[in-house]
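# Structure at a glance
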Amino acid sequence: MDVSKITASELAAKIKTGEYQAPEVVTQYFQRMEACEDKVNAFVTLDKERALAKAEDVQARIAKGETLGVLAGVPVAIKDNLSTKGLRTTCSSKMLENYYPTFSATAVERLEAAGAIVIGKTNMDEFAMGSTTETSAFGVTRNPWDLTRVPGGSSGGSCAAVAAGECAFSLGSDTGGSIRQPAGHCGVVGLKPTYGTISRYGLIAYGSSLDQIGPVTRSVADAALILEVLAGPDEKDATSVRREHYDFRSALTEDVKGLKIGVPKEYFSQGLDTEVAEEIKKALDILADKGAIVTEFALGLTEYAVPAYYVMASAEASSNLSRFDGVKYGYRTTVYDDLAQMYKRTRSEGFGEEVKRRIMLGSFVLSAGYYDAYYLKALKAKALIKERFTQAFSQFDVVVAPVAPTTAPKLGESLKDPLQMYLSDIYTISANLAGLPGITLPIGKDLKGLPIGIQILGDCFQEKAILKAAYALEKSRPYQAPAIGKGGEVDE
Amino acid sequence: MKITDETIAHVSLLAQLELGEEEKKKAAAEMEKMLTYIETLETLDTEAVEPLTHLFASDNVFREDIPSGENGAEAALKNAPLVKDGMFKVPKTIG
Amino acid sequence: MSKAYETVIGLEVHVELQTKTKIFCSCKNDFGASANTHTCPVCTGMPGALPVLNRQVVEHALAIGLALNCDITPVTKFDRKNYFYPDNPQNYQISQLYLPIARNGQIQIQVDAGPRIIRIHEMHMEEDAGKLLHDEWDDTSLVDYNRSGVPLVEIVSEPDLRSAEEVIAYLNELRTIIRYLGASDCKLQEGSMRADVNLSVRPVGEASMGTRTEMKNLNSFKAISRAIAGERERQIELLESGNTVIQETRRWDDNKETSYSMRSKEDAQDYRYFPDPDVPPVHIDQVWVQRIKDNQPELRAEKLRRYKKEFDIPEYDARILTETKRMADLFEATSSLCHKPKKVSNWLMVETLRLVKERGLEAEDVNFSPAHLAELIDLVDQGLINGTVAKEVFEHIFDEDVSPREYVEEKGLKSVNDTAALEEIAKEVVAKNPKSVADYQGGKEKALGFLVGQTMKVLKGQGNPGMVNEILRKLLS
């Protein structure tokens, strides 16, 4: 049994038919972690005992012939900003180092209701603020393809864990590309659904109007399956939406004949690595060969996405993170004379540098006299950007874009210049501003052997279109697992 | 956008963050750089554009007025740094 | 004082709405439970928890907004007000700034000088904070989130008020309207109605406004009156001595009858309001507004107009009776049974309100059957009981809702109306009191009163005083 490369769908089938035993599957993944974790560090917290107990329970129910959920016995890793009842949830921050939620996120509950088994919590950029998973208070996560490189972020732990075969699939969250970009860097499939499709209840908020949970998988089919489990309105999240259809797996056909693909010119001009551009072009050729109609077009307003995003995300973050004050949960400083000092020291000691940077920026753009010029302006830019995409999707079924300007950067390279790091979010951020679904999947490798991803965006509620295009591409470019990488070979 | 010491002092008070002298300088420089970049937005014509506060908000979303789901004091206090008499203990507040 | 000053007051009134659950979660909106029991992840600000708006809060707010003659905002939104304080678990309060549910209203108040129109600037919905208790033992504070998330509306008036009398009349009127709607009990002492007073002074005749202060912690009408007088005086003294008034929030200490500034260097007064991304906008269409209007009870102003036409009672009575919906309902129901509105009004205004006061109750607590009061009025009118007995019986109606007919029967309280029996007793009294008889016959009318009293005494109060009077006159003539 090699569980490190199997897809969740296949694994679920094998457990259901009795070919694999659920406890054995869980044990295998923990063995895999033992082999990988000292190199990759994808996890912050493991939950071995409970996972094994749940696996035993699943197995007992299979023995009794009970009908089980579609993910029965399938081990999942959860990004550490999703609340898990009784299981430490840190957001990779010292602030929540010892926080044990009393409730689970709706997404986690739905996975568990479908039989999935939570095996641990994955590392991330602190409070999801970053693009490299280097701002974690619990050490960096390394890219399984090259341990000297970052896995991307902020869902770097979730993507690295899937790439390294430490879980069958994982959950991430995406505020400005935090699922899609690390999925691209780690060579796995990452899906950000339409805003509101998956309940945010229990997702520790970064930018509430942009945050969306999504699956990280080793196949497009897995992404569709897990989306079916997760999607649906939730009475605990007023921004969750009721959709017309939830049969995402019905889109898994190779038939892309007549599919209209738009390619924004702006994304392929300056700043994009030539190897990345080349691979995307090849992928587009594959789709064209299968009958898709590929057209270049001018999207417009692309230069406004990043600034609008950072105003909104920082502003919302400054408010969302104000609840961390040492009163109700989490870290409290040890030495203080009064309330004001307790607040300030707790927050200054509990938060890392990048988080503080964004809280400061967010507090500023909302402060008296600046709201109109920054936050309100960003909301208006958001409206215009959304309009541009609506126009684009009146002509195209999907839009294809790069995921990131380059393949995974070296550790320590990105944090030197925060603005430069922010700018690298250019291709992913618009989907969050406009609420669009987007999927990333691996389409090749650069000369350094690092995975190159492609991003496919759809109009709001058109997940099926992007799943179909992704599925067709995947058939020609099947999934590859890394041989855990330079400086610590596990698989070689 | 020039970020003065006063601005940094005001913003760190709003954010309830305590910055050292070096941190303050760094924060001012970084914020200035970021805001200068953000000012790109000024070149965007947003005259007569309605701000988009919520993406899909055509239907009202309500909860009915029926009690349920209380977790109680134990759950509320489970992660509290300091507790006394079933309450969260904090430094003395004024008023 | 060299100049005459005018006081300019605007009020911010917070009203806790009567709902079963909190505004953004399903925890009970209920007091008296032990600390932090009515809590959940939402109202304790747990990471990842999200607010979902209670429909009933909007219904109440709409009803109040309409009753205050406001324009209803067709798309109303919630905003976050950001400030750090331990009673505020998220360190932001979900409130409404940019698009409050209601704007541009007005109500009429009645003061000695006549009616006045007070304009309402806006009314919005928001969540209440938790409670802070001071722990004397180790000089710390303790936080209880039971009240966190209790629904509030805040009603902001224009600076149209000029005196404590007007302020109190305005608050009374608001309270009357909101209680009529069943949206809140509006108790100042218990904090379900809280008034912050924005006050400034200016020389009489001056058009521009002076610098205002905001006064908090006013828990009674008396405190409000004293605080207004105190703050007016403080500001005038400052101006007269060449100083300026600082715009600030002040806390009234009613025991010391003084206020102090709540400003601190840690308080930046910069709330960074922005639309709450977690709470979608509320769309209020004409159909909804009409439904609320259709379900609206008849409010006081309409009642007053109708009483004038329908009932032959003085305007003064009508005002008092309509102050609470309970009294007005009792009045109308009882009058429709006995068709003697003036008598009903007397019983309600005098005896009922006296007992309300004596028992330490509120008019809303009065809970006897209109039929019983109607019956009592009939018993008196038929001469079956006299006034003194009627008052005694009424107390039992008030307290236990007894049937007066049965009660009178049971306790043998019926008046002695038998002329022969009365004459016999009267004769005895006349025989025993020759001096009074002589006095009366000598022209002292007062002496007859004494004889009537003596007769009633023998009758243990159950005589018909009219008949006794008549019999005595006859005997002595």
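Quick caveat, the model's predicted, so the values are computed rather than measured.

### Brief notes about the domain arrangement of chain C
All names here are of chain C.
- When its domains are assigned, chain C resolves into domain 1 (5-289), domain 2 (298-411) and domain 3 (419-476).
- A separation of 36 Å is found between the C-alpha centroids of domain 1 and domain 2.
- Looking at the side of domain 1 that touches domain 2 element by element, the count peaks at 4 residues for helix 2 (residues 164-180).

### Some words on the nonpolar core
- Among the nonpolar cores identified, the biggest contains 259 residues, and A:Val76, A:Val398, A:Leu467 and A:Ala469 are the most heavily contacted of them.
- At 11 residues, the largest contribution of residues to this core is made by helix 9 (residues 302-320) of chain A.
- Not counting chain neighbours up to four residues away, the residues in contact with A:Val76 comprise A:Leu111, A:Ala116, A:Ile117, A:Val118, A:Ile119, A:Cys167, A:Ala168, A:Phe169, A:Ser170 and A:Leu171.
- Counting residues in hydrophobic clusters, the runner-up holds 30 residues, among them C:Leu348, C:Ile377, C:Val389 and C:Phe394.

### What about unusual backbone geometry?
- Look at the link from A:Gly153 to A:Ser154: it is a cis peptide, with omega at 5°.
- Its location among the elements puts A:Ser154 in the loop between strand 3 (117-122) and helix 5 (156-163).
- Of note in this structure, C:Asn217 is not a glycine but carries a positive phi near 70°.
- Looking at the secondary structure, you find C:Asn217 in the loop between strand 12 (213-216) and helix 3 (221-240).
- Phi angles above zero are rare outside glycine, and C:Arg272 is one such case at about 45°.
- Examined against the element boundaries, C:Arg272 turns out to sit in the loop between strand 14 (258-261) and strand 15 (274-275).
- Since 27 C-beta atoms lie within 10 Å of it, C:Arg272 is described here as buried.

### Re the environment of C:Asn386
All names here are of chain C.
- Looking at where Asn386 falls in the secondary structure, it is placed in the loop between helix 9 (370-381) and helix 10 (387-400).
- On a C-alpha basis, the gap between Asn386 and Gly461 in space is 8.1 Å, while along the polypeptide they are 75 residues apart.
- Here Asn386 is in contact with Ser415, Asn464 and Pro465, once residues within four sequence places are set aside.

### With respect to the UniProt feature "active site" (unreviewed entry) in chain A
All names here are of chain A.
- Feature annotation in UniProt places "active site" (unreviewed entry) on Lys79, Ser154 and Ser178, given in this structure's numbering. Spatially, the listed residues are clustered: although they cover 100 residues, their C-alpha atoms lie within 11.0 Å of one another.
- Inspection of the secondary structure assignment puts Lys79 in strand 2 (residues 75-79).
- Look at Lys79 and you get buried, because 34 C-beta atoms sit within 10 Å.
- Discounting chain neighbours no more than four positions away, the residues touching Lys79 are Thr122, Met124, Ser155, Gly157, Ser158, Leu171, Gly172 and Ser173.
- Judged by local crowding, Ser154 falls into the buried class, with 35 C-beta atoms found within 10 Å.
- In this view, Ser154 contacts Met124, Asp125, Ala128, Met129, Gly130, Thr133 and Ser178; residues no more than four positions away in its chain are not counted.

What counts as what
Here, residues in each chain are numbered from 1, in the same order as that chain's written sequence. By the order in which they are written, chains take letters starting at A while ligands take numbers starting at 1. Reporting in this predicted model follows two pLDDT cut-offs: at least 70 for local features of residues, and 80 or more for side-chain atom pairs to be given and counted; totals over whole chains, interfaces and linings ignore these cut-offs and use all residues. Where a domain begins and ends is set by an automatic assignment or by a domain database. For helices the rule is a DSSP run of H or I covering at least 4 residues; for strands it is a run of E covering at least 2, with both sets numbered from the N terminus onward. In this description, a nonpolar core means buried residues of the types Ala, Val, Leu, Ile, Met, Phe, Trp, Tyr and Cys, linked to one another by C-beta atoms lying within 7 Å. For every residue, the other C-beta atoms within 10 Å of its own C-beta are counted; 20 or more classify it as buried, 12 or fewer as exposed, and values in between as partly exposed. C-beta atoms are placed from the backbone. Contact between two residues is assigned whenever their backbone-derived C-beta positions fall within 7 Å. UniProt positions are given in the numbering used here, feature names are shortened, and annotations may be inferred rather than shown by experiment.

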